[in-house]
Amino acid sequence: MIRFLVFGDLHYDEVADGDRRIEEILANAQKRDLDFIVSLGDLCSPKIENHKVLNRFRSLGIPFYSVIGNHETDNCKLNEILDFYSLENPYYSVVCNGYKLIFLNTCYLRSDGKEGIFYKKNFKSEHALYPIVPAEEIRWLQEELNDDMKCIIFSHHSFINDFPKRGIYNREEIRKNFAAGRVLLCLNGHDHGDDYSVVDGIPYMTVNSANYAWLGSQIASSKELQEKYSYLQGMLQYKQAMSAYIEIDDSEIRISGMDGEYLSVTPEDIGLYDYRWNGVSIKPRISSHLIKL
């Protein structure tokens, strides 16, 4: 059996209450007998002064793993990000209690037939296809999956979100390597929303942000909304720091999510009455699921 806590998209540097949110996540973790904690990317800016963020998560004395998010790449090169997280490689695997944990780096692009690394939002160039998993990483992943171990796959971007520029561009090519019963669960962040589906017998879950739903372009689409809500900088914050507790054994996967509320402004206030954005639900919650194996 393995037990872990997972969260995503804390965006520590972007809000005034980042420290409170860390403490809420840690308080949730301390209620459990955990094997490890996972951040699904966009944790904080990877700079020296933010080592305090890593130190807080590592203070529980259990492993703390992280994948690289696109916002880590905004101002830092890949080698700087690896140094910050004390990683040798941008994608890696770990064995825990007989299960293999696979941590992918999905922050790559393809432009003019060449693969490149995210840096300073270069993925927004006109001809770029993104996000992708590059050929070298796919070969590594195929080798990692070529054994009898049961795997949990963690990534920043989604393997199933079809909304433009959100899900991994070459996701169908990669999913062909996933076998039901061997890949037990795929978890991602990035979309700042809650989503769950099963494809070819494999469950995929988007874990909601520990901070906010980003609706900047919706606000910018209306002069009235822009004038009224420009102070939000596109962020509709959740009151609670969202995280999920997951248990996996030979018979089932138990995902214990949480329900919350918006801190102030809601999607309805800006005209999104269906609470949908970028292909996912932006209700302030992480859904719970019981998955029989």
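The rules behind these values
Residues numbered from 1 in each chain as written. Predicted model: local features only at pLDDT ≥ 70, side-chain atom pairs only at ≥ 80, totals over all residues. Heavy atoms only, no water. Phe/Tyr/Trp six-rings, centres within 6.5 Å; stacked < 30°, edge-to-face > 60°. Helix = DSSP H or I, 4+ residues; strand = E, 2+ residues; numbered from the N terminus. Buried < 20%, exposed > 50% of the residue type's maximum accessible area, 1.4 Å probe, protein only. Polar contact = N/O pair within 3.5 Å; in protein donor to acceptor, adjacent residues only side chain to side chain. Contact = heavy atoms within 4.5 Å. Core = buried A, V, L, I, M, F, W, Y, C linked by side-chain atoms within 4.5 Å.

K.L.:
Hey, could you run me through the packing of aromatic side chains in this one?
P.N.:
A ring pair, where both rings are aromatic, is described by two values, the distance of the centres and the angle of the planes. Applying the stated criterion to the full structure yields 17 aromatic pairs. Measuring from centroid to centroid gives 4.7 Å for phenylalanine 4 and phenylalanine 36, while their planes differ by 10°, and the two rings are stacked. Of this pair, phenylalanine 4 sits in strand 1 (residues 2-7) while phenylalanine 36 sits in strand 2 (residues 36-39), and the two are 32 residues apart along the sequence. No difference in accessibility class separates phenylalanine 4 from phenylalanine 36, as the two residues are buried. Grouping aromatic residues by their ring pairs yields a cluster made of Phe4, Phe36, Tyr65, Tyr92, Phe103 and Phe154.

K.L.:
I would appreciate a short explanation of the side chain of lysine 100 in the present structure.
P.N.:
If you trace the backbone, lysine 100 turns up in strand 5 (residues 99-103). A polar contact is formed between the side chain of lysine 100 and the side chain of aspartate 147, at a distance of 2.7 Å. Setting aside residues no more than four positions away along its own chain, lysine 100 makes contact with Ser93, Val94, Val95, Glu144, Asp147, Met149, Lys150, Cys151 and Ile152.

K.L.:
I would appreciate a short explanation of the nonpolar core in the present structure.
P.N.:
Note on soluble globular proteins: their nonpolar side chains tend to be buried together. If you look at the biggest cluster of nonpolar residues, it comprises 98 residues, and the most contacted ones within it are Leu43, Phe57, Phe154 and Phe178. Those residues in contact with leucine 43, other than ones at most four positions away along the chain, are Phe7, Leu10, His11, Tyr12, Val53, Leu54, Phe57, Phe64, Glu72 and Tyr85.

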